[in-house]
Amino acid sequence: MDFFDRQWATYRAVVDHDLMQHRALTAALGQALEAWLAARPAGSAAPRMVDLGCGDLAVMAPLLRGLPLGTYLGVDLSGPVLPRAAAALGPVPYPCRWREQDLLAWAAAEPGTEPVDLLHSAFAIHHLSDDDKARFLRLCRRHLASNGLFLWADVFRPPGEDRPAYVARYVDRIRSDWGVLAPEQQQPVIDHLSQFDFPADRDAIRRTAEACGWTWQWLWQGDHRAEALAVLTAA
Ligand SMILES: C[S@@+](CC[C@H](N)C(=O)[O-])C[C@H]1O[C@@H](n2cnc3c(N)ncnc32)[C@H](O)[C@@H]1O
(Lines give C-alpha, C1' and ligand atoms only; values in the text may rest on other atoms or scores of the structure.)
Protein backbone atom coordinates (compact mmCIF):
# COMPACT_ATOMS: atom_id res chain seq x y z
CA MET A 1 0.00 0.00 0.00
CA ASP A 2 1.50 3.40 -0.96
CA PHE A 3 1.36 6.55 1.18
CA PHE A 4 -1.84 7.78 -0.49
CA ASP A 5 -3.62 4.45 -0.01
CA ARG A 6 -2.52 4.26 3.64
CA GLN A 7 -3.85 7.78 4.30
CA TRP A 8 -7.18 6.96 2.69
CA ALA A 9 -7.40 3.63 4.50
CA THR A 10 -7.01 5.51 7.79
CA TYR A 11 -9.69 8.05 6.87
CA ARG A 12 -11.97 5.18 5.79
CA ALA A 13 -11.46 3.53 9.19
CA VAL A 14 -12.37 6.82 10.93
CA VAL A 15 -15.54 7.06 8.85
CA ASP A 16 -16.45 3.37 9.11
CA HIS A 17 -16.24 3.53 12.91
CA ASP A 18 -18.21 6.79 12.85
CA LEU A 19 -15.54 8.55 14.90
CA MET A 20 -16.42 11.94 13.38
CA GLN A 21 -20.17 11.28 13.50
CA HIS A 22 -20.62 11.13 9.71
CA ARG A 23 -23.85 9.14 10.20
CA ALA A 24 -25.67 11.85 12.12
CA LEU A 25 -24.18 14.52 9.89
CA THR A 26 -25.33 12.77 6.72
CA ALA A 27 -28.82 12.32 8.16
CA ALA A 28 -29.00 16.07 8.90
CA LEU A 29 -27.70 16.82 5.42
CA GLY A 30 -30.34 14.56 3.85
CA GLN A 31 -33.13 16.29 5.78
CA ALA A 32 -31.89 19.74 4.78
CA LEU A 33 -31.74 18.71 1.12
CA GLU A 34 -35.20 17.17 1.22
CA ALA A 35 -36.70 20.36 2.72
CA TRP A 36 -34.87 22.59 0.22
CA LEU A 37 -35.96 20.45 -2.77
CA ALA A 38 -39.57 20.41 -1.55
CA ALA A 39 -39.58 24.21 -1.24
CA ARG A 40 -38.33 24.84 -4.79
CA PRO A 41 -40.94 26.41 -7.06
CA ALA A 42 -42.77 23.94 -9.27
CA GLY A 43 -41.18 23.77 -12.70
CA SER A 44 -37.68 24.69 -11.44
CA ALA A 45 -34.88 23.19 -13.50
CA ALA A 46 -33.14 20.22 -11.89
CA PRO A 47 -30.47 21.63 -9.55
CA ARG A 48 -26.82 21.91 -10.54
CA MET A 49 -24.57 20.73 -7.71
CA VAL A 50 -20.89 21.32 -6.97
CA ASP A 51 -19.11 19.31 -4.26
CA LEU A 52 -15.83 20.90 -3.11
CA GLY A 53 -13.34 18.43 -1.63
CA CYS A 54 -15.63 15.55 -2.66
CA GLY A 55 -13.11 12.86 -1.65
CA ASP A 56 -14.00 9.29 -2.60
CA LEU A 57 -17.76 9.78 -1.98
CA ALA A 58 -17.85 6.71 0.26
CA VAL A 59 -20.17 8.59 2.63
CA MET A 60 -22.16 10.73 0.23
CA ALA A 61 -22.76 8.33 -2.67
CA PRO A 62 -26.01 6.77 -1.36
CA LEU A 63 -27.46 10.23 -0.67
CA LEU A 64 -26.33 11.57 -4.07
CA ARG A 65 -27.83 8.63 -5.92
CA GLY A 66 -31.27 9.60 -4.61
CA LEU A 67 -31.08 13.32 -5.50
CA PRO A 68 -32.93 14.63 -8.59
CA LEU A 69 -29.92 16.60 -9.81
CA GLY A 70 -29.44 18.24 -13.18
CA THR A 71 -25.64 17.98 -13.04
CA TYR A 72 -22.96 17.12 -10.47
CA LEU A 73 -19.38 18.40 -10.39
CA GLY A 74 -16.95 16.78 -7.94
CA VAL A 75 -13.85 18.90 -7.24
CA ASP A 76 -10.85 17.67 -5.29
CA LEU A 77 -7.23 18.69 -4.91
CA SER A 78 -6.25 15.03 -5.03
CA GLY A 79 -6.56 13.48 -8.49
CA PRO A 80 -6.47 9.81 -7.37
CA VAL A 81 -9.69 10.13 -5.35
CA LEU A 82 -11.76 11.16 -8.36
CA PRO A 83 -11.99 7.74 -10.13
CA ARG A 84 -12.82 6.24 -6.73
CA ALA A 85 -15.60 8.79 -6.30
CA ALA A 86 -16.96 8.01 -9.76
CA ALA A 87 -16.88 4.27 -9.00
CA ALA A 88 -18.56 4.75 -5.58
CA LEU A 89 -21.34 6.82 -7.12
CA GLY A 90 -21.94 4.40 -9.97
CA PRO A 91 -24.50 5.07 -12.69
CA VAL A 92 -26.83 8.02 -11.98
CA PRO A 93 -29.42 9.64 -14.21
CA TYR A 94 -27.60 13.00 -14.36
CA PRO A 95 -24.27 13.96 -15.94
CA CYS A 96 -21.25 14.01 -13.60
CA ARG A 97 -17.93 15.74 -14.08
CA TRP A 98 -14.78 15.31 -12.00
CA ARG A 99 -12.11 17.97 -11.64
CA GLU A 100 -8.71 17.95 -9.94
CA GLN A 101 -8.63 21.52 -8.58
CA ASP A 102 -8.10 23.58 -5.45
CA LEU A 103 -11.47 24.67 -4.09
CA LEU A 104 -10.20 28.23 -3.69
CA ALA A 105 -9.21 28.24 -7.37
CA TRP A 106 -12.68 26.98 -8.25
CA ALA A 107 -14.20 29.86 -6.27
CA ALA A 108 -11.81 32.41 -7.81
CA ALA A 109 -12.66 31.42 -11.39
CA GLU A 110 -15.22 33.50 -13.24
CA PRO A 111 -18.70 32.07 -12.63
CA GLY A 112 -20.15 30.16 -15.58
CA THR A 113 -23.29 31.27 -17.37
CA GLU A 114 -25.36 28.82 -15.32
CA PRO A 115 -25.18 29.47 -11.57
CA VAL A 116 -24.78 26.67 -9.04
CA ASP A 117 -27.93 25.74 -7.12
CA LEU A 118 -26.36 23.47 -4.56
CA LEU A 119 -22.89 23.86 -3.15
CA HIS A 120 -21.58 21.26 -0.71
CA SER A 121 -18.27 20.89 1.06
CA ALA A 122 -17.40 18.46 3.84
CA PHE A 123 -14.19 18.51 5.88
CA ALA A 124 -12.08 20.37 3.32
CA ILE A 125 -12.39 24.13 3.91
CA HIS A 126 -10.76 23.93 7.35
CA HIS A 127 -7.44 23.39 5.57
CA LEU A 128 -7.52 27.01 4.38
CA SER A 129 -6.08 29.85 6.47
CA ASP A 130 -8.63 32.23 7.99
CA ASP A 131 -7.82 34.84 5.33
CA ASP A 132 -8.37 32.28 2.57
CA LYS A 133 -11.62 31.11 4.18
CA ALA A 134 -12.85 34.71 4.03
CA ARG A 135 -11.69 34.99 0.43
CA PHE A 136 -13.40 31.72 -0.41
CA LEU A 137 -16.68 32.87 1.16
CA ARG A 138 -16.59 36.14 -0.78
CA LEU A 139 -15.72 34.48 -4.10
CA CYS A 140 -18.00 31.46 -4.00
CA ARG A 141 -21.00 33.66 -3.20
CA ARG A 142 -20.82 34.81 -6.85
CA HIS A 143 -21.34 31.25 -8.13
CA LEU A 144 -24.56 30.51 -6.28
CA ALA A 145 -28.05 31.04 -7.74
CA SER A 146 -30.16 33.54 -5.77
CA ASN A 147 -32.27 30.74 -4.25
CA GLY A 148 -29.30 28.37 -3.94
CA LEU A 149 -27.98 26.56 -0.90
CA PHE A 150 -24.45 26.11 0.43
CA LEU A 151 -24.13 23.22 2.88
CA TRP A 152 -20.84 23.41 4.75
CA ALA A 153 -19.90 20.48 6.99
CA ASP A 154 -16.60 20.83 8.78
CA VAL A 155 -14.73 21.06 12.05
CA PHE A 156 -15.05 24.43 13.80
CA ARG A 157 -13.59 25.82 17.03
CA PRO A 158 -15.88 26.87 19.87
CA PRO A 159 -15.87 30.68 20.24
CA GLY A 160 -12.72 31.88 21.97
CA GLU A 161 -10.83 28.56 21.84
CA ASP A 162 -7.49 29.13 20.11
CA ARG A 163 -5.98 26.65 17.64
CA PRO A 164 -3.40 25.10 20.03
CA ALA A 165 -6.15 24.43 22.61
CA TYR A 166 -8.39 22.95 19.90
CA VAL A 167 -5.61 20.69 18.60
CA ALA A 168 -4.71 19.54 22.13
CA ARG A 169 -8.37 18.75 22.86
CA TYR A 170 -8.81 16.83 19.58
CA VAL A 171 -5.59 14.86 20.18
CA ASP A 172 -6.88 13.93 23.68
CA ARG A 173 -10.14 12.81 22.10
CA ILE A 174 -8.31 10.57 19.60
CA ARG A 175 -6.12 9.04 22.31
CA SER A 176 -8.96 8.42 24.75
CA ASP A 177 -12.01 7.69 22.50
CA TRP A 178 -10.60 6.26 19.28
CA GLY A 179 -9.26 3.04 20.81
CA VAL A 180 -10.83 1.11 17.96
CA LEU A 181 -7.88 2.43 15.90
CA ALA A 182 -4.44 1.05 16.72
CA PRO A 183 -1.90 3.69 17.91
CA GLU A 184 -0.11 3.42 14.54
CA GLN A 185 -3.42 4.38 12.85
CA GLN A 186 -4.09 7.20 15.33
CA GLN A 187 -0.69 8.84 14.88
CA PRO A 188 -1.08 9.85 11.19
CA VAL A 189 -4.42 11.46 12.05
CA ILE A 190 -2.78 13.36 14.92
CA ASP A 191 0.14 14.41 12.70
CA HIS A 192 -2.21 15.52 9.92
CA LEU A 193 -4.51 17.60 12.09
CA SER A 194 -1.64 19.16 14.07
CA GLN A 195 -0.07 20.32 10.80
CA PHE A 196 -2.93 21.01 8.40
CA ASP A 197 -6.18 21.70 10.29
CA PHE A 198 -7.19 25.32 10.82
CA PRO A 199 -10.83 25.14 11.93
CA ALA A 200 -12.60 28.47 11.99
CA ASP A 201 -13.85 30.05 15.20
CA ARG A 202 -17.60 29.49 14.94
CA ASP A 203 -18.67 33.04 15.78
CA ALA A 204 -15.91 34.73 13.79
CA ILE A 205 -16.60 32.75 10.60
CA ARG A 206 -20.29 33.46 10.88
CA ARG A 207 -19.57 37.20 11.10
CA THR A 208 -17.19 36.90 8.14
CA ALA A 209 -19.80 35.05 6.07
CA GLU A 210 -22.46 37.61 6.92
CA ALA A 211 -20.12 40.41 5.85
CA CYS A 212 -19.72 38.58 2.52
CA GLY A 213 -23.45 38.55 1.87
CA TRP A 214 -24.45 35.20 3.35
CA THR A 215 -27.16 34.28 5.84
CA TRP A 216 -25.84 31.64 8.25
CA GLN A 217 -27.69 28.96 10.19
CA TRP A 218 -26.29 26.02 12.19
CA LEU A 219 -28.13 22.84 11.22
CA TRP A 220 -26.32 20.18 13.21
CA GLN A 221 -23.72 20.06 15.96
CA GLY A 222 -21.69 16.98 16.82
CA ASP A 223 -21.06 15.94 20.41
CA HIS A 224 -17.45 17.10 20.56
CA ARG A 225 -17.46 20.87 20.00
CA ALA A 226 -15.81 20.36 16.61
CA GLU A 227 -17.87 18.71 13.83
CA ALA A 228 -20.87 20.76 12.67
CA LEU A 229 -23.02 21.55 9.65
CA ALA A 230 -23.91 25.09 8.60
CA VAL A 231 -26.28 26.18 5.87
CA LEU A 232 -25.54 29.40 4.02
CA THR A 233 -27.93 31.19 1.71
CA ALA A 234 -27.72 34.50 -0.12
CA ALA A 235 -28.71 37.33 2.25
C1 LIG B 1 -11.30 14.62 5.00
S2 LIG B 1 -11.53 14.42 3.29
C3 LIG B 1 -13.32 14.59 3.15
C4 LIG B 1 -13.86 13.91 1.93
C5 LIG B 1 -15.37 13.96 1.81
N6 LIG B 1 -15.84 15.31 1.57
C7 LIG B 1 -16.01 13.37 3.06
O8 LIG B 1 -16.65 14.12 3.81
O9 LIG B 1 -15.86 12.17 3.28
C10 LIG B 1 -11.01 15.99 2.66
C11 LIG B 1 -10.97 16.04 1.15
O12 LIG B 1 -10.78 17.39 0.77
C13 LIG B 1 -9.76 17.46 -0.21
N14 LIG B 1 -9.15 18.79 -0.08
C15 LIG B 1 -8.40 19.28 0.93
N16 LIG B 1 -8.05 20.55 0.68
C17 LIG B 1 -8.59 20.87 -0.52
C18 LIG B 1 -8.58 22.03 -1.34
N19 LIG B 1 -7.91 23.15 -0.96
N20 LIG B 1 -9.25 22.02 -2.50
C21 LIG B 1 -9.91 20.90 -2.91
N22 LIG B 1 -9.95 19.76 -2.18
C23 LIG B 1 -9.30 19.75 -1.01
C24 LIG B 1 -8.83 16.31 0.11
O25 LIG B 1 -8.06 15.92 -1.01
C26 LIG B 1 -9.82 15.25 0.55
O27 LIG B 1 -10.28 14.49 -0.54
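What you are looking at is a predicted structure, and each value in this text was computed from that prediction instead of being measured. (Residues numbered from 1 in each chain as written. Predicted model: local features only at pLDDT ≥ 70, side-chain atom pairs only at ≥ 80, totals over all residues. Heavy atoms only, no water.)

**A short note on the layout of surface pockets**
Now for step 1: Of the pockets and cavities examined, the largest pocket occupies roughly 1300 Å³.
Now for step 2: Forming the boundary of the largest pocket are 50 residues, of which Trp8, Tyr11, Phe123, His127 and His192 lie nearest the centre.
Now for step 3: Of all elements in the fold, only helix 1 (3-16), helix 2 (22-39), strand 1 (48-52), strand 2 (71-76), strand 4 (116-122), strand 5 (144-157), helix 7 (163-177) and helix 8 (183-196) reach the threshold of two or more residues within the lining of the largest pocket.
Now for step 4: No other element matches helix 1, which puts eight residues into the lining of the largest pocket.
Now for step 5: Here the residues of the lining of the largest pocket are counted per class, giving 32 nonpolar, 12 polar and six charged.
Now for step 6: Taken together, 18 residues line the second largest pocket, and the ones lying closest to its centre are Leu73, Arg97, Trp106, Glu114 and Val116.
Now for step 7: Listing elements by their share of the lining of the second largest pocket, those giving two or more residues are strand 1, strand 2 and strand 3 (96-100).
Now for step 8: Partitioning the lining of the second largest pocket into residue classes produces nine nonpolar, four polar and five charged. (1 Å grid on protein atoms, 1.4 Å probe; cavity = no way out; pocket = protein on both sides within 12 Å on 5 of 7 lines; lining within 4 Å. Points joined across faces, edges and corners; volume = space filled by probe spheres on them. Helix = DSSP H or I, 4+ residues; strand = E, 2+ residues; numbered from the N terminus. Nonpolar A, V, L, I, M, F, W, Y, C, P; charged D, E, K, R; others polar.)

**Structural notes on unusual backbone geometry**
Now for step 1: For Leu57, which is not glycine, the phi torsion reads 60 degrees and is therefore positive.
Now for step 2: Inspection of the secondary structure assignment puts Leu57 in the loop between strand 1 and helix 3 (61-65).
Now for step 3: Residue Leu57 is classed as buried on the basis of its relative accessible area of 2%.
Now for step 4: Backbone geometry at Arg225 places phi at a positive 50 degrees, although glycine is not the residue there.
Now for step 5: Here Arg225 shows up in the loop between strand 7 (214-221) and strand 8 (227-234).
Now for step 6: The exposed category is assigned to Arg225, whose relative accessible area is 53%. (Buried < 20%, exposed > 50% of the residue type's maximum accessible area, 1.4 Å probe, protein only.)

**Details of helix 9 (residues 202-211)**
Now for step 1: Of all the residues in helix 9, the buried ones are Arg202, Ile205 and Ala209. All buried residues of helix 9 lie within an arc of 70 degrees about the axis, which places them on one face of the element. Facing away from the buried surface of helix 9 by more than 90 degrees, the exposed residues are Arg207 and Ala211.
Now for step 2: Close packing links the buried residues of helix 9 with helix 6 (130-140), strand 5, strand 6 (200-201), strand 7 and strand 8.
Now for step 3: The N-terminus of helix 9 is capped by Asp201, whose side-chain oxygen sits 2.9 Å from the backbone nitrogen of Asp203.
Now for step 4: Directly after helix 9, the chain includes Gly213, whose backbone phi takes a positive value near 95 degrees. (Arc of directions from axis to C-beta. Contact = heavy atoms within 4.5 Å. Polar contact = N/O pair within 3.5 Å; in protein donor to acceptor, adjacent residues only side chain to side chain.)

**Concerning the pattern of salt bridges**
Now for step 1: What the rule picks out here adds up to nine salt bridges.
Now for step 2: Of the charged contacts, one joins Asp130 and Lys133 as a salt bridge, the two residues approaching to 2.8 Å between their closest N and O atoms. Note that Asp130 and Lys133 are positioned in helix 6 at a spacing of three residues, about one turn of the helix.
Now for step 3: One salt bridge in this structure joins Arg173 and Glu227, with 3.1 Å as the shortest N-O distance. A residue pair is termed long-range when its members are at least 10 positions apart, and Arg173 in helix 7 and Glu227 in strand 8 qualify at 54 residues. With respect to burial, Arg173 and Glu227 carry one shared label: buried.
Now for step 4: It is possible to trace a salt-bridge network through shared partners that takes in Arg48, Glu114 and Asp117. (Salt bridge = Lys/Arg side-chain N within 4 Å of Asp/Glu carboxyl O.)

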